[in-house]
Amino acid sequence: MLKIHDLHKSYGSFEVLKGLEMTVNKGDIYGFLGRNGCGKTTTMNIVSNIIPKDSGEITFGIEKCKVGYLPETPSLFTYMNGYEYLDYISACCNYQGDKKKRIDEVISLVGMAEGGKRRIKGYSRGMNQRLGIAAAIFNNPDLLILDEPTSALDPQGRAEVMSIIKQLSDMGTTIILCTHILSDVERVANRIGIVRDGRMAVEGTIEEIKNDYGRNGKKIVLGIFGDPTPAIEPVNRCTAGQFFFDRQRAIFEIPLMPDDNDQARAQQLINEITAQGLTLSVFLIENKTLEQIYMETIG
């Protein structure tokens, strides 16, 4: 759906984008991550044709790709109500279909059938975000860009907005989700890109990134009912580890080296422990979390 190659952008002598590479596939919910000032908003503004690029290539996967964009803080006309504002949006985008039907559709989709009749001046931050999303999707965009759509929302508001995003994805919209809330990204995104200092540092599916970048720090976690003493020796023979007690269980955390064969190491541990007549209550292999990988990537 979107391919960015060698994208550059400077403001005066300050170079923001330094050859950014980025690929968003059709149907993706793409988590666009990075610290403040790394070039994310500049990239989104260029893709949305709000500002020009200095150099580089931006290619869309379809001809005349329609892009919807929700900025972090949407500017709304507070003297209007939600329905009036979307009527204004329909005129701005020269909507060619049944305008009233489309307004009702997007109002319903973002859950504002009642709130849409109230003046925007009295809206909460969550309602502002809902109306902003309704405006961004009004013209059925092929690519929807959302900049911090859940910032400053309470947990319920965040959950509601993330549900809307998932629903839009299920309807076939390709979405770029820019946020600092990594739990939201893990909840809905299938691919991510982490930008550092104007360049793409990490890009891929969450599974690929955890396997490729999170392997250093991978560990086996196993739990044993009862007295853990008989397990300490076989665990230490396999690899140095540590354990702690959780009620009636002993929980072992055993680091894996990057060149370990995970399955072989796991089977070795199971064989060693069960040979002692012990019963496993928990056994799993953990990668680094996305948060750990993100923090290491941005430095």
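Notes on the structure in this doc start here.

About the thresholds
- Residues numbered from 1 in each chain as written.
- Predicted model: local features only at pLDDT ≥ 70, side-chain atom pairs only at ≥ 80, totals over all residues.
- Heavy atoms only, no water.
- Helix = DSSP H or I, 4+ residues; strand = E, 2+ residues; numbered from the N terminus.
- Buried < 20%, exposed > 50% of the residue type's maximum accessible area, 1.4 Å probe, protein only.
- Contact = heavy atoms within 4.5 Å.
- Areas by Shrake-Rupley, 256 points an atom, 1.4 Å probe, with all protein chains shown as cover.
- Phe/Tyr/Trp six-rings, centres within 6.5 Å; stacked < 30°, edge-to-face > 60°.
- Pairing = 2+ DSSP bridges.
- Axes fitted to C-alpha atoms, helices over the stretch in contact; angles between N-to-C directions.
- Parallel < 35°, antiparallel > 145°, perpendicular 65-115°, else oblique.
- Left-handed = near helix turned anticlockwise from the far one by under 90°.
- Nonpolar A, V, L, I, M, F, W, Y, C, P; charged D, E, K, R; others polar.
- Patch = residues over 30% accessible without salt bridge, like charges linked within 9 Å, V, L, I, M, F, W, Y side chains within 5 Å.
- Salt bridge = Lys/Arg side-chain N within 4 Å of Asp/Glu carboxyl O.
- Right-handed = clockwise from strand over helix to strand, strands pointing away.

1. Some words on the overall build of the protein
- The secondary structure content of the protein amounts to 10 helices and 13 strands.
- The buried share of the protein, taken over its 299 residues, is 46%.
- Of the contacts made within the protein by residues no fewer than 6 positions apart, 70% connect residues no fewer than 24 positions apart.
- For the protein, the exposed area adds up to about 15000 Å²; of that, 47% sits on carbon and sulfur atoms.

2. What about the packing of aromatic side chains?
- Summed over the entire model, instances satisfying the criterion amount to 6 aromatic pairs.
- Ring geometry for Y30 and F32: centres 6.3 Å apart, planes at 55 degrees, overall tilted.
- Taking relative accessible area as the criterion, Y30 reaches 0% and is therefore assigned buried.
- By relative accessible area, F32 is classed as buried at 1%.
- Considering the side-chain rings of Y85 and Y88, the 6.1 Å spacing of their centres and the 40 degrees angle between planes classify their relative orientation as tilted.

3. Focus on the sheet that holds strand β2 (residues 14-24)
- As summarised here, the arrangement of the 3 strands in space is β2-β1-β4, forming an open sheet in which the pairing is antiparallel. Pairing within the sheet leaves two strands with one partner each, and these edge strands are β2 and β4 (55-60). The sheet shows a mean angle of 20 degrees between the axes of neighbouring strands, direction not considered.
- As judged from the 5 bridges shared by strand β1 (residues 2-11) and β4, these two strands associate in the antiparallel manner. Each residue of the ladder has a partner; that of K3, found in β4, is T59.
- The strands touched by helix α1 (residues 40-47) within the sheet are β1, β2 and β4, with β1 carrying the most contacts at an inclination of about 115 degrees.

4. Description of the packing of helix α2 (residues 82-92) against helix α3 (residues 99-109)
- It is at 10 Å that the axes of α2 and α3 come closest, and there the two elements cross at 125 degrees. Classified by the interaxial angle, the pair formed by α2 and α3 is oblique. Crossing handedness for the pair α2 and α3: right-handed. Between α2, through Y83, L86, D87 and S90, and α3, the contact on the second element is made entirely by K99, I103, D104, V106 and I107.
- Split into classes, the residues belonging to the contact of α2 with α3 amount to 5 nonpolar, 1 polar and 3 charged.

5. As for a nonpolar patch on the surface
- A contiguous nonpolar patch, built from F77, Y79 and Y88 and spanning about 320 Å² of accessible area, is present on the exposed surface.
- Here F77 lies in the loop between β5 (67-70) and α2.

6. Describing the side chain of T174
- On the secondary structure map, T174 appears in strand β7 (residues 174-178).
- Looking at T174, the relative accessible area reads 0%, which means it is buried.
- T174 has contacts with M1, V24, N25, K26, G27, D28, D142, L143 and L144, leaving out every residue within four places of it along the chain.

7. Observations concerning the pattern of salt bridges
- Under the definition given, this model contains 10 salt bridges.
- We note a salt bridge from K18 to D197, for which the minimum N-O separation is 2.8 Å. Highlighted residues: K18 in strand β2 and D197 in the loop between β8 (191-196) and β9 (199-205), separated in sequence by 179 residues.
- Across the pair R130 and E160 runs a salt bridge whose closest N-O atoms are separated by 2.4 Å. Of the two residues, R130 is situated in helix α4 (residues 125-136) and E160 in helix α5 (residues 155-170); the sequence distance between them amounts to 30 residues.

8. So, the pairing of β7
- In terms of burial, β7 is a largely internal element, 5 of the 5 residues being buried.
- Neither face of β7 is exposed, since T174, I176 and C178 on one face and I175 and L177 on the opposite face are all buried.
- When strand β3 (residues 29-33) meets β7, the two strands line up parallel, connected through 4 bridges. Looking at the pairing, G31 lines up with L177 of β7.
- Across 5 bridges, strand β6 (residues 143-147) lies against β7 in parallel orientation. Considered in β7, the bridge of D147 is made with C178.
- In this region the chain leaves β6, passes through α5 and returns to the parallel neighbour β7; the handedness of that crossover is right-handed.

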